[in-house]
Amino acid sequence: MTSKKYFSKLGLHLFLIFIALGMVVPFIWMILTSFKTVSESTQMNPFKIFPHIWQFSNYSEVIRQNNFLILYLNTILMMLWRIISSVLFSAMAAYAFARLRFPGRNVLFGLVLFQMMVPPQLFVIPQYLMINSLGMRNTIFALVFPGLVSAFGTFLLRQFFVSLPKELEEAAELDGCNIGQTFFKIMLPLAKSGLIALAIFTALFAFKDLLWPLIINSEAESATLSSALSKIQGAYATNYPQLMAASVLAIWPMVIIYLIFQKQFIQGVASSGGKL
């Protein structure tokens, strides 16, 4: 029985290692290709895995033609402001839907759920017209605008607030707290795991957002990493080493952030019941 359990665990671990390798190999291949020449990156016979001479010039050429410092700054600011605004406004809306009683609450929450079912591309034109009428194109606010509040975040945090005991609010009311004090001092800290999960999802969605930055910001000084990378792909359509070098430069900030906040990433995703 012991040996059967041992081989069962061994097979499971080998399977998981195989899956992990399948996910890691493309990243390793991207890094190796970024140091190759163009001919080595397309050579099939014989197949080249490691570069014969490591071409660091691919990185210097991509950096020379693209201002990555501006791209990093724009992307970080977009992620930061989307996280702050989405977490704050979604938490306020979620608390209202979960704990307050007001006319039309269920109808309004149904509209929030309906928005989650509609493809986000349908909102691009109205959002663009709103930003254009405000004269805010090619600004950081234009990048943040679609993520000021999140229907997904409102739904996610509402589940956390619903699960909290009502006695907490009653005790706060007896102590003289108003709605705002009850929300910020008592209920919000108790939803910490939900806030972390929403912050993680918001950061990932913002980092991967491509369509909106391409549409709303046409100037290079206001571009993000995702939109700049798509333009680099067009410029280096056949120069795969430089394209891979640009990809490595684009993804390393998120890799560093994940390594630093790995524990929070895992806890946040596990508490939300979602996946990255």
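Just so you know, the residues in each chain are numbered from 1, in the order the chain's sequence is written. Whole-chain, interface and lining totals are the exception, using all residues; otherwise, since this is a predicted model, local features are given only for residues with pLDDT of at least 70 and side-chain atom pairs are given and counted only at 80 or more. The basis for every side-chain value is the complete set of non-hydrogen atoms in the structure, without hydrogens or water.

Identification of the chain as ABC transporter, permease protein from Streptococcus pseudoporcinus LQ 940-04 is taken from an unreviewed UniProt entry. Per UniProt, the chain has the following entry under Sequence similarities (unreviewed entry): "Belongs to the binding-protein-dependent transport system permease family." UniProt positions are given in the numbering used here, feature names are shortened, and annotations may be inferred rather than shown by experiment. As stated in UniProt under Subcellular location (unreviewed entry), the record for the chain gives "Cell membrane".

Enquirer: Help me understand the pattern of salt bridges, please; the structure alone is not making it clear to me.
Expert: Side-chain pairing between opposite charges can occur once the charged atoms of the two side chains come close. We define a salt bridge as a contact between a side-chain nitrogen of Lys or Arg and a carboxyl oxygen of Asp or Glu at a distance within 4 Å. Inspection of every chain in the model, using the stated rule, returns three salt bridges. Measuring nitrogen to oxygen at the nearest pair gives 3.2 Å for the salt bridge that ties aspartate 209 to arginine 82. Of the two residues, aspartate 209 is situated in the loop between helix H11 (192-208) and helix H12 (211-216) and arginine 82 in helix H4 (residues 68-99); the sequence distance between them amounts to 127 residues. Only protein chains enter the accessibility calculation, which uses a 1.4 Å probe; a residue is then buried when its area is under 20% of its type maximum, exposed when over 50%, and partly exposed in between. What makes aspartate 209 buried here is its relative accessible area of 17%. On the basis of relative accessibility, which here comes to 7%, the residue arginine 82 falls in the buried class. The salt bridge involving glutamate 169 is made with arginine 99; its shortest N-O contact spans 2.9 Å. With glutamate 169 in helix H9 (residues 167-174) and arginine 99 in helix H4, this pair connects stretches of sequence that are 70 residues apart. Given a relative accessible area of 11%, arginine 99 falls into the buried group. By the criteria applied, helices consist of DSSP H or I runs no shorter than four residues and strands consist of E runs no shorter than two, each listed in order from the N terminus.

Enquirer: Would you explain the packing of H4 against helix H14 (residues 240-260) in this entry?
Expert: Two numbers describe a pair of packed helices, the interaxial angle and the distance between the axes. Between N-to-C directions, angles cover 0 to 180 degrees, with each direction set by a line fitted to C-alpha atoms, over the stretch in contact for helices. Taken N-terminus to C-terminus, the directions of H4 and H14 make an angle of 35 degrees; their axes are 11 Å apart at the nearest point. Read as a crossing pair, H4 and H14 show a hand that is right-handed. Of the residues in H14, those in contact with Phe68, Tyr72 and Met79 of H4 are Ala246, Leu249, Ala250, Trp252, Pro253 and Met254. For this classification, Asp, Glu, Lys and Arg are treated as charged, while Ala, Val, Leu, Ile, Met, Phe, Trp, Tyr, Cys and Pro are nonpolar and the rest, including Gly, are polar. Looking at the contact of H4 with H14 residue by residue, the classes come out as nine nonpolar, no polar and no charged. Helix crossings get a hand from a simple test, with the near helix turned counterclockwise from the far one by less than a right angle marking a left-handed crossing and a clockwise turn marking a right-handed one. Here, two residues are considered to be in contact whenever any of their heavy atoms come within 4.5 Å of each other.

Enquirer: Any chance you could explain the packing of H4 against H11 here in plain terms?
Expert: Running from amino to carboxyl end, H4 crosses H11 at an angle of 140 degrees, the nearest separation of the two axes being 9 Å. Here H4 lies oblique to H11, going by the angle between them. The way H4 lies across H11 gives a crossing that is right-handed. Mapping the contact onto sequence places Thr75, Met78, Met79, Arg82, Ile83, Ser86, Val87, Ser90 and Ala91 in H4 and Leu195, Leu198, Ala199, Thr202, Ala203, Ala206 and Phe207 in H11. An angle below 35 degrees is treated as roughly parallel, one above 145 as roughly antiparallel, one from 65 to 115 as roughly perpendicular, and anything else as oblique.

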